[in-house]
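# Structural overview
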Amino acid sequence: GEGVGDSSMLDVAGAPRDALPVAHLVKPPVSVRRKQLVPPTLDGAPARLQGSDDLDWYRAEPLRETGHETKSGIWLSDQMEELLRAMCRMSGLGLCDGMDQRRTLMQKGAFRGADASSVSGLCFSYKPLNAICQRWQVMLIALKICIISFAKAYAVSTQYYHRGLQGYSAGPYRHYRLETLLTRNGSEGRSIFGPGVSSFGVIGLSGCSPRGSLHDGDDTAQEAVPSFSGAVGSSFLVTYSQQRSMTGWYMETSNEEGSQALDPAYYIVWGSNDEARFDDDAECVLGRKDGRWWQDGDTVDWCGATWKQVGAPKWIYDDTPSLKPDLDKWFWFVKLRTVLPTTRGTLLTVQLRPRWFLYTIFALARPCTVSPTAFAVLLVGNLHKYWPHSSLPAPRWFGIIGMGIVCSVGIISAALAAWHRVWHFAAEHFWDFVAHMAGAAVGSMPGVPMSRALYVFTFVYMVGNWTKCAFYFRNPFAKPEPPAIVTLVMALSMSISRFLAMRKAKMLLKQDQTRYDDLWSSLCTEEGCKSLQRLEKAVNSANIDGTNCCQRNHTSSDALPQLLMRQPSLEHATPADRHVAEMLQLRANVWGEGMLQVSSISQLYCQAAIANLLMVERLKEWAECCSGMFPLMRFPGEEQVFARWSEVHGDARKEDMVLWPPMKRHGRTFEKLFRSYRNNASHLLDISRNCMILETVDDLTTCLETILADKNVKVERIKNRMGMGYDTSETGGYRDVCVNLRVVNKESVGLGSDLHVCEVQLLLVQFAHLKSTKGHQRYVTSRNVSGN
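Because the structure is predicted, anything quoted here is derived from the model rather than measured.

## Let's talk about the sheet that holds strand E9 (residues 264–272)
Overall, antiparallel pairing links the 6 strands, which are arranged E6-E7-E4-E9-E11-E10 in an open sheet. If you trace the sheet from one side to the other, it starts and ends with strand E6 (228–232) and strand E10 (299–302), each paired once. Strand after strand, the sheet turns through a mean of 35° between neighbouring axes, direction not considered. In terms of strand pairing, strand E4 (residues 170–183) meets E9 through 8 bridges, oriented antiparallel. Bridge assignment links Arg177 to a residue of E9, and that residue is Trp270.

So, in structure tokens, the structure goes:
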């Protein structure tokens, strides 16, 4: 619903400066510009329009049917000749690729203010990271990510320094107890009558058991030896003369032959400073009466004393971001079975201190990568904003590098953990790698919005976390994951903002849509419905499949025969034709057939400039056959006037007042390219666009039939917005018949624009009168809010 008519209805005084006829490529001839400075009125009197100096940048139409025929038999009008000369000058000055250079800079986030889209709209555009990193909302979010990542890195390094290098893992306590909750043969609860170990004790900073070192490094020999050590029911209890901290524990399997079935398959190490009393309640020493072996808490009451869990066979580390990490909550003891050696009397030492490859690489490298990555994206994005021609890569590449490092860290940590047979660590790190890779893979797909990549990462990460928690803790929601929560909040924020933006966009068009719908209702009378059915029948009878309509290039195999059609061989061809033929053969031999779809914006604008002049001539002929009308120049504040071409044709002064639509502005071209077309230039079908106003639906149908019957054009697609079942919610009630076609006459083939697709809108005069400058401004605002 953007419409050619939107631009053609603008006041002359309000014509945009960048609405160039051939973009910034070509100005109209000087003679034409001078004639347009004082346009005549319909009665022949000269009149000076306000702001008419802008008119020489705004109009592009052949004012006179004068020109000459080339040696190749191609008729060139004076304006076409001026256009071709300008293109030659541009080629000589090295300006032909100006649009593509600007496109490259915009992909890197350059050109401040080039995109007026909302933040939610940018999130759903092509490569949004390059554009949104300059918005203050995204900068604030990135700053928060930097702070959270720094806090996590600080917490990880602090915990590792105090617990892994210098400090103890738990304590100090006087009493330590190893409680067997599950045996190798599956017994649990009251079915367990002993701990299944012959000795147990805690170890200090030396990391050695009393058998390995008489002096425990940090304790005297007397302090290292417990004052009491023995089995108490299903537990093995040790008591020291003074409170003692620990970095792990040692245990020895039973010395009795054939006792392998009673070995602990899952146990918990408890610590307490309270005195246990066994005489008062002898039943307390027995196994648990209620609950399964995995159903326990961090603290329990046992024989009159309160005990805190300080160990288990397997654990993971807490890496929750915090500027004040709680060292007492560093370990998450998992509910996984262990397998002890079957050899009797085997001494086992369990160290709670983390190994560097199990903790520092995974837990420290990831936040240390995320924080600099977010900062680099912000810094580079804003450098491109104020320094567009810098050689720095686009901001998204820093995000890709950071994501690559995070994924590499995950897979390396998983491999190291698997190498040392710490399988639960390997599974956790590998699934983290899978989640990041899934998010990165979806985010790198063309046409996929950023929110979808975040949703995929969140889903995969949380499914892995729920599975891990269900397997490790028998509770899917036992351990929260801040990365998944942060990305989920970001994705939901994008989706909600998008919903609100689309709602706001519809509200902006509601007033205009009501007027358009009322007009449409007045047309849908009994007689009007018959005319609309005739129109729909004409569209259906054309049987045109426009699903694959796009801008295409000539291949060497079909362009070369067209070039040689006028001469038997290259020896008789002109130097220019020989040069083109040589380039076509070079492309076929060296580069292959070339890109089937057009990828260059500069090429599209050059083709559109030629095709636009040729299309105007076709419009004039069609208007003669079906009473077509075109808008006339007006004074600011005056109502728009439309004149039939049959009444204007032949009168030079009246022809000069016809307001022909300009080609699409550069800014809008890039908006559509990045917002809707995912940087696919071949989908830009309306750079050369024109509009014909018709009085009735029957006239519109006649015009469409005339276009379909014209041998000088090839219709590629028809959008019938005048259909009875057409949904106008996206166009705000606006209706027309949009025809995409190519000019395929001798001139277009000779000038190389025969494959360029143009747009012609067939519009009822009632809809044209409803258009206004304010309505178009509301449409532009709605378009920017929605990001379409």
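## Considerations on the confidence of the model for the protein chain
Across the protein chain, the average pLDDT comes to 77, with 77% of residues at 70 or higher. Between residues 1–64, whose pLDDT stays under 50, and residues either more than four places distant or in other chains, the model counts 158 contacts. Considering only residues more than four positions removed or in separate chains, one finds that residues 563–568, a stretch of pLDDT under 50, has 10 contacts.

## What to know about the environment of Ile601
Within the secondary structure, Ile601 sits in helix H18 (residues 601–626). In sequence terms Ile601 and His666 are 65 residues apart; their C-alpha atoms lie 9.7 Å from each other. Apart from the residues lying within four places of it in its own chain, the contact partners of Ile601 are Met99, Asp100, Arg103, Leu673, Ala681 and Leu684.

## Topic: the sheet that holds strand E8 (residues 248–253)
Pairing is antiparallel in the open sheet, where 3 strands are placed in the order E5-E8-E14. Strand pairing shows two members of the sheet lacking a second neighbour, strand E5 (197–203) and strand E14 (347–351), which therefore form its edges. Neighbour-to-neighbour, the strand axes of this sheet turn through a mean angle of 15°, independent of strand direction. Where E5 and E8 come together, 6 bridges link them in antiparallel fashion. Along E8, the bridge assignment pairs Ile203 with Gly248.

## Here we look at the nonpolar core
Grouped together as the largest cluster of nonpolar side chains are 77 residues, with contacts concentrated most on Trp622, Met692, Leu741 and Leu762. At 16 residues, H18 tops the list of elements feeding residues into this core. Sequence-distant contacts of Trp622, that is, excluding residues within four places in its chain, are made with Met615, Met692, Thr706, Ile707, Asp710, Val713, Leu741 and Val760. Counting residues in each nonpolar core, the second largest holds 52 residues, with Tyr160, Trp249, Leu358 and Ala426 among its members.

## A word on H18
With 26 residues, H18 should reach 38 Å at 1.5 Å per residue; the first-to-last C-alpha distance of 35 Å fits that figure. By the criterion of burial, H18 is predominantly enclosed, with 21 of the 26 residues buried. Structurally, the start of H18 carries an N-cap: the backbone nitrogen of Ser602 is 3.4 Å from a side-chain oxygen of Ser600. Positioned one or two residues after H18, Ser627 has a phi angle of 60°, which is positive.

## Some points on a nonpolar patch on the surface
Taken together, the side chains of Phe375, Leu379, Leu383 and Trp387 define a hydrophobic patch exposed on the protein surface, amounting to about 420 Å² of accessible area. Within the secondary structure, Leu379 is located in helix H10 (residues 356–386). The exposure class assigned to Leu379 is partly exposed, which follows from its relative accessible area of 43%.

## Topic: the pattern of salt bridges
Enumeration according to the criterion identifies 18 salt bridges in this entry. A salt bridge links Lys664 to Asp686, with the nearest nitrogen and oxygen atoms 3.2 Å apart. Of this pair, Lys664 sits in the loop between helix H20 (652–656) and helix H21 (666–675) while Asp686 sits in the loop between H21 and strand E17 (689–694); the two residues are 22 residues apart in sequence, bridging distant segments of the chain. Connected through salt bridges with shared partners, the residues Arg184, Asp263 and Arg344 form a single ionic network.

## With respect to the packing of helix H4 (residues 78–93) against H18
Remark: H4 packs on H18, axes separated minimally by 10 Å, with the N-to-C direction vectors making an angle of 175°. Classified by the interaxial angle, the pair formed by H4 and H18 is roughly antiparallel. Of the residues in H18, those touching H4 at Gln79, Met80, Leu83, Leu84 and Met87 are Cys606, Ala609, Ile610, Leu613 and Leu614. Across the contact of H4 with H18, the residue classes tally to 9 nonpolar, 1 polar and no charged.

## Some remarks on the packing of aromatic side chains
Applying the stated rule across the entire model yields 18 aromatic pairs. Their ring planes at 80° and their centres at 5.7 Å tell us that Trp302 and Trp307 sit as a pair that is edge-to-face. The two residues Trp302 and Trp307 agree in class, both being buried. Every member of this aromatic cluster is reached through a ring pair, and the members are Trp332, Phe471, Tyr472 and Phe473. Over the ring of Trp307 we find Arg177; its NZ or CZ atom is 4.9 Å from the centre of that ring.

What counts, and where the lines are drawn
What you see as residue numbers is a count from 1 along each chain, following the sequence as written. Only residues with pLDDT of 70 or above have their local features reported here, since the model is predicted, and side-chain atom pairs are shown and tallied only from 80 upward, although totals for entire chains, interfaces and linings are computed over all residues. Note that water and hydrogens are dropped before the side-chain values are worked out from all heavy atoms of the structure. Between any two strands, pairing holds if DSSP finds at least two bridges. Note on conventions: DSSP H or I runs of at least 4 residues are helices, E runs of at least 2 residues are strands, and numbering of each starts at the N terminus. Simply put, an axis is a line fit to the C-alpha atoms, just over the touching stretch for a helix, and the angle between two N-to-C directions goes from 0 to 180 degrees. Think of pLDDT as the predictor's per-residue confidence, scored from 0 to 100. Any two residues whose heavy atoms approach within 4.5 Å at even a single point are treated as in contact. For this analysis, a nonpolar core means a set of buried residues of the types Ala, Val, Leu, Ile, Met, Phe, Trp, Tyr and Cys, connected via side-chain atoms within 4.5 Å. Each residue's exposure class comes from its accessible area (1.4 Å probe, protein chains only) as a fraction of the maximum for that residue type: buried when under 20%, exposed when over 50%, partly exposed otherwise. Every helix has an expected span of 1.5 Å times one less than the residues it contains. Side-chain atoms alone can form a polar contact between residues adjacent in sequence; in general such a contact is a pair of N or O atoms within 3.5 Å, and within protein one must be able to donate a hydrogen while the other accepts it. A residue counts toward a patch only above 30% relative accessible area and without a salt bridge, and it is joined to like-charged neighbours within 9 Å or, for Val, Leu, Ile, Met, Phe, Trp and Tyr, to nonpolar neighbours within 5 Å. All accessible areas in this document rest on Shrake-Rupley with a 1.4 Å probe, and a residue is counted as covered only by the protein chains that are shown. Only one rule defines a salt bridge in this text: a Lys or Arg side-chain nitrogen within 4 Å of an Asp or Glu carboxyl oxygen. In what follows, roughly perpendicular refers to angles from 65 to 115 degrees, roughly parallel to angles under 35, roughly antiparallel to angles over 145, and oblique to any angle outside these ranges. Lys, Arg, Asp and Glu make up the charged group, whereas Ala, Val, Leu, Ile, Met, Phe, Trp, Tyr, Cys and Pro make up the nonpolar group; the residues left over, Gly among them, are polar. Stacked, tilted and edge-to-face are the three classes assigned to paired rings of Phe, Tyr and Trp, where Trp is represented by its six-membered ring and a pair needs centres within 6.5 Å; plane angles under 30 degrees give stacked, over 60 edge-to-face, the rest tilted. Think of it as a cone above the ring: NZ of Lys or CZ of Arg counts as a charge over the ring if it is within 6 Å of the ring centre and within 35 degrees of the ring normal.

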